[in-house]
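The primary structure of each chain is shown beneath.
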Amino acid sequence: MKIQESDAKSLLLARGLPVPAWTVARTPAAARQAAEAILAGGEDKVVIKALVLVGGRGKAGGVKLAGSADEAEQVADAILGMNIKGITVQKVLVAAAADIVKEFYLAAVLDRKSQRIILMGSAEGGMDIEEVAATRPEAIIREAAHPHLGLLPWQARRLVFGMGLGAHLKDAVRIATGLVETMLVNDADLVEINPLAIIREAGPDGSPVERLVCLDAKVTLDDSALGRHPDLAGMRDLDEEDPTDRIAREQGISFIKLDGNIGCMVNGAGLAMTTMDLVKQAGGAPANFLDIGGGARSDKVAAAMALILSDPKVEAILVNIFGGIARGDEVARGLVEARKEQARSVPMVVRIVGTNAEAAAQILQAEKVATAASLDEAVSMAVAAARASAGGAA
Ligand code: GDP
Ligand code: MN
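Remember, predicted model here, so these are calculated numbers, not experimental data.

About the criteria used
- Counting from 1, residues in each chain are numbered in the order their sequence is written.
- Each chain takes a letter, starting from A, and each ligand takes a number, starting from 1, following the order in which they are written.
- For a predicted model such as this one, the threshold for reporting local features is a pLDDT of at least 70, and the threshold for listing and counting side-chain atom pairs is 80 or more; totals across whole chains, interfaces and linings nevertheless cover every residue.
- Think of the side-chain values as coming from all heavy atoms in the structure, minus any hydrogens and water.
- Here a donor is an N, O or S atom found within 2.8 Å of the metal, or within 3.2 Å if the metal is Na, K or Ca; sites may look incomplete because water is not among the atoms.
- Here a strand is any run of E in DSSP of at least two residues, a helix any run of H or I of at least four, and the numbering for each starts at the N terminus.
- Only protein chains enter the accessibility calculation, which uses a 1.4 Å probe; a residue is then buried when its area is under 20% of its type maximum, exposed when over 50%, and partly exposed in between.
- Being near a molecule or strand, for a residue, means having at least one of its heavy atoms within 4 Å of it.
- Polar contact is the term for a pair of N or O atoms within 3.5 Å; when the atoms are in protein, one must be able to donate a hydrogen and the other to accept it, and sequence-neighboring residues count only if both atoms are side-chain atoms.
- Values of accessible area rely on a 1.4 Å probe in the Shrake-Rupley scheme; residue burial ignores everything except the protein chains shown.
- With a 1 Å grid laid over protein atoms only, a set of points is called a cavity when a 1.4 Å probe fits there but cannot get out and a pocket when it is open yet has protein on both sides within 12 Å along at least five of seven lines; lining residues have an atom within 4 Å of a point.
- In this description, a molecule resides in a pocket or cavity if more than half of its atoms sit within 2 Å of the grid points defining it.
- All the domain ranges listed were derived from an automatic or database domain assignment.
- At least two DSSP bridges between two strands are needed for those strands to be called paired.
- The axes are straight lines fitted to the C-alpha atoms, using for helices just the contacting stretch, and the angles between their N-to-C directions are given from 0 to 180°.
- Two residues qualify as a contact provided that any one of their heavy atoms is within 4.5 Å of a heavy atom in the partner residue.
- Our angle categories are set so that under 35 degrees counts as roughly parallel, over 145 as roughly antiparallel, 65 to 115 as roughly perpendicular, and the remainder as oblique.
- Definitions for this section: a left-handed crossing has its near helix turned counterclockwise from the far helix by less than a right angle. A right-handed crossing has that turn clockwise.
- Residues are sorted three ways: Asp, Glu, Lys and Arg are charged, Ala, Val, Leu, Ile, Met, Phe, Trp, Tyr, Cys and Pro are nonpolar, and all the rest, Gly among them, are polar.
- Note that His is not counted, nor are the chain ends; the positive residues are Lys and Arg, and the negative ones are Asp and Glu.
- By definition here, a salt bridge exists when the distance from a side-chain nitrogen of Lys or Arg to a carboxyl oxygen of Asp or Glu is within 4 Å.
- To form a nonpolar core, buried Ala, Val, Leu, Ile, Met, Phe, Trp, Tyr and Cys residues must be joined to one another through side-chain atoms within 4.5 Å.

With that settled, consider the coordination of the manganese ion (ligand 2). Summarising the metal site, the manganese ion (ligand 2) is bound by the protein donors N194 (O) and D216 (OD), whose distances to it range over 2.1 to 2.2 Å. Separated by 22 residues along the polypeptide, N194 in strand β11 (residues 188–202) and D216 in the loop between β12 (208–214) and β13 (218–221) bring together distant segments of the chain. Classification of N194 as buried rests on a relative accessible area of 13%. For D216, a relative accessible area of 19% corresponds to the buried category.

The structure is reproduced here in structure tokens:
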């Protein structure tokens, strides 16, 4: 699960890391108010950033500076509603603009191969790190954290010196170890600071001092670990969640959209994968992976049908249910109900075996739903139906 910069920054703050204060605004007026407060505090500029769950907001025009409350309101008005990589901006982050001396890159990532948290740092921050990795891999310093002890002090120092941050050794070491802590404490997959910046600001006596701060933050959390973090589940940004993903999550259905035209409704992840393989083998293309989960009550069947049909590419539906705990007759009844409510008519082939399969067949045949005795037969019927309706539409 991706979380917004504002939430990512609160996780860093909770570890005591240096993050400049910010406000989230949903309207130009609210952005203006936030800017007024910042400017009244003696700052000469504010930064306004689009809060969307994609990278490269700066390049897309979603990060702008403003020197007055009026300008802040205008800039916020321009950014709110902007479309960045397909997402409409619904809120902005407002903060005092930092006077940046130099930008660095620092991230804790999960390396599946070595099964460790790896810290990656570079003096070439701010820009696309993928590009640095591709063109100048030697410009990226790596340190693997110890599985139990985290990033050891000498490793943190080696990383920090390698990044050319020796002048800020103490703060940089604290930040590097803090990123690993943030990963572990929150079960995160990624904690990325780009840029980690040396900024210039007025010191206690008014003369300029330099300080290291986390200017941007990107955190992704392990969905499977969210059960252990009820507080973090609230960071899910419903503004940006795809409606089909939300329905699937609320119904406990595993749903992944694919490119084909045969919608699949299956119970059990393994059976769903097998069904997709067989569809492919028979010359068809699955439109989705869908595991309806245990029980498969009729409301779930209806929700699964709606998810499948929300994809306009779907030309046929293949239902493959192995009745164990799920009762075939209940699934069949759910299918019949869902067919009555569906917005468009798409051929459907059903194979139900196991618990109450005979009752299921009776219900389906009474409603003239195509049924198949074997999975192979069901698959070839679905592939043929998809071909026929694709041909008819053309
Ligand atoms: P991203 O493009 O989505 O990664 O958004 P960032 O927050 O990283 O901002 C992109 C770029 O905008 C940064 O690399 C900085 O160069 C610039 N930027 C962001 N915040 C500030 C700020 O407070 N002051 C100044 N001068 N530039 C900033
Ligand atoms: Mn960034």
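From this point, the narrative continues.
Right, let's talk about the site of ligand 1 for a bit. Taken together, 15 residues lie near ligand 1, and K49, R57, G58, A98 and E103 sit nearest. Between ligand 1 and R57 there is a distance of 2.7 Å, counted from an oxygen atom to a side-chain nitrogen or oxygen. Within the side chain of D216, one N or O atom sits 3.0 Å away from an oxygen atom of ligand 1. Protein contacts shield 80% of the accessible area of ligand 1, which totals 560 Å² for the unbound molecule. Put simply, ligand 1 lies in the largest pocket.

This brings us to the domain arrangement of the protein. Entries for the protein in the domain assignment read domain 1 (1–20 + 100–241), domain 2 (21–97) and domain 3 (243–393). Relative to domain 3, the C-alpha centre of domain 1 lies at a distance of 44 Å.

Attention shifts here to the sheet that holds strand β4 (residues 63–66). Taken in spatial order, the four strands of this open sheet run β2-β7-β3-β4, and their pairing is antiparallel. Looking at strand neighbours, the two that pair on one side only are β2 (22–25) and β4, the edges of this open sheet. Averaged over neighbouring strand pairs, the angle between their axes works out to 25 degrees when direction is ignored. Pairing between strand β3 (residues 46–50) and β4: four bridges, direction antiparallel. Across the sheet, residue I48 finds its bridge partner in β4, namely K64. Packed on one face of the sheet, helix α2 (residues 28–40) meets β2, β3 and β7 (92–96) and runs near 10 degrees to β7. Set on the sheet, helix α3 (residues 69–79) makes contact with β3, β4 and β7; between it and β4 the angle comes to about 165 degrees.

Turning next to the packing of helix α8 (residues 243–251) against helix α10 (residues 298–309). At their nearest, the axes of α8 and α10 sit 10 Å apart, and the two run at 165 degrees to each other. In this view, α8 runs roughly antiparallel relative to α10, as classed from their interaxial angle. The chirality of how α8 crosses α10 is left-handed. Listed contacts from α10 to T244, I247, A248 and Q251 of α8 are D299, K300, A303 and L307. Per-class residue counts for the contact of α8 with α10 are four nonpolar, two polar and two charged.

This part takes up the environment of E71. Structurally, the position occupied by E71 is in helix α3. Looking at E71, the relative accessible area reads 33%, which means it is partly exposed. Counting along the chain gives 25 residues from E71 to V46, while the straight-line C-alpha distance between them is 9.7 Å. Those residues within four positions of E71 in sequence are excluded, and the remaining contacts are L65 and A66.

In this section: the side chain of K300. Its place among the elements puts K300 in helix α10. Among buried charged residues, K300 stands out as having no salt bridge; its nearest opposite-charge side chain is D291, 7.3 Å away. In this structure, K300 is in contact with Q251, G252, I253, I292, G293 and G294, ignoring residues within four places of it in sequence.

Ranked by internal contacts, the top residues of the largest apolar core, which has 39 residues, are L12, L165, L179, L196 and L221. Those elements giving two or more residues to this core turn out to be α1 (5–14), β8 (99–111), β9 (116–122), α5 (153–162), α6 (169–186), β11, β12 and β13. Once residues lying within four places of it in the same chain are set aside, the contact partners of L221 are M1, I3, L11, N186, D187, A188, D189, L226 and L232. Grouped together as the second largest cluster of nonpolar side chains are 32 residues, L307, I321, L335 and L364 included.

A few words now on the environment of A366. The topology assignment puts A366 in helix α12 (residues 357–366). Separated by 30 residues in sequence, A366 and V336 have C-alpha atoms that sit 9.9 Å apart.

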